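Listed here are the chains, written in short residue letters.
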Amino acid sequence: MTTPNAPLDRDCARYLDGAIVDNGVALVTSAHRGQKNAMTATFFAESSHLPPLLRVSIARNSFTWGLVGEAGRFGLSVLAQGQEELAIRCGTGSGKGTERLAAISHRMGAHGVPLLMDALTTSECLVVDALELPDFTVFVAEVVASYRETSKSYLRPLLVSELRDHVAKSHG
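None of these values were measured; they are calculated from a predicted model.

Thresholds applied
Residues numbered from 1 in each chain as written. Predicted model: local features only at pLDDT ≥ 70, side-chain atom pairs only at ≥ 80, totals over all residues. Heavy atoms only, no water. Salt bridge = Lys/Arg side-chain N within 4 Å of Asp/Glu carboxyl O. Helix = DSSP H or I, 4+ residues; strand = E, 2+ residues; numbered from the N terminus. Buried < 20%, exposed > 50% of the residue type's maximum accessible area, 1.4 Å probe, protein only. Pairing = 2+ DSSP bridges. Axes fitted to C-alpha atoms, helices over the stretch in contact; angles between N-to-C directions. Contact = heavy atoms within 4.5 Å.

Draft legend 1. Layout of the pattern of salt bridges. Applying the stated criterion across every chain yields a total of three salt bridges. The partner of Arg 60 in a salt bridge is Glu 132, and the shortest N-O contact between them spans 2.1 Å. Pair noted here: Arg 60 is in the loop between β4 (53-59) and α2 (63-71) and Glu 132 is in strand β8 (residues 121-132), with a separation of 72 residues, a long-range link. Residue Glu 132 is classed as partly exposed on the basis of its relative accessible area, which comes to 46%. Here Arg 156 makes a salt bridge to Glu 162, at a shortest N to O gap of 2.5 Å. For Glu 162, a relative accessible area of 17% translates into the label buried.

Draft legend 2. Region of the structure containing the sheet that holds strand β2 (residues 35-41). As summarised here, the arrangement of the seven strands in space is β2-β1-β5-β8-β9-β4-β3, forming an open sheet in which the pairing is antiparallel. Strands with a single pairing partner mark the edges of an open sheet, and in this sheet they are β2 and β3 (44-48). Going from strand to strand, the sheet's axes swing by 35° on average, the running direction of each strand aside. Bridge count between strand β1 (residues 26-32) and β2: seven bridges; the pairing is antiparallel. Residue pairing in the sheet places Ala 26 in a bridge with Ala 41 of β2. Helix α3 (residues 84-91) contacts β1 and β2 of the sheet and is inclined by roughly 120° relative to β2.

In structure tokens, the structure reads:
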């Protein structure tokens, strides 16, 4: 786990520097057979309004990929400005063998998905399709429940460029 002001590995810094699209930052949450995880994601988007579908790209070598693939469900929580350290903590290193969600306020949704209590929005999603790419899988999922944290509604979503700037200032 990364602690505040700890140096980040070169792969993380290179990843943030190489971002082409200034997308939002979210956490993908997953659970299967007693194991839970949260992983930072920047490759996600809405795919359809009716039915409500979204997609997220997850590296095939990640712990989350296995949990989502086995369970067929995941949570997607869009982070707000000011949640940079949470994004770094869940985006550095593997979640396997750790309890990332132990320090994050969450509850289990009706479909067995960890749902974050302190994100701009949190959606519970059931996988309906998966596109296998050489290193990633794009999971397409139907949103079966979605929640908005009204106390954060005045905040903007955290963007990749803001996360990159935060890393440069705090972890450089």
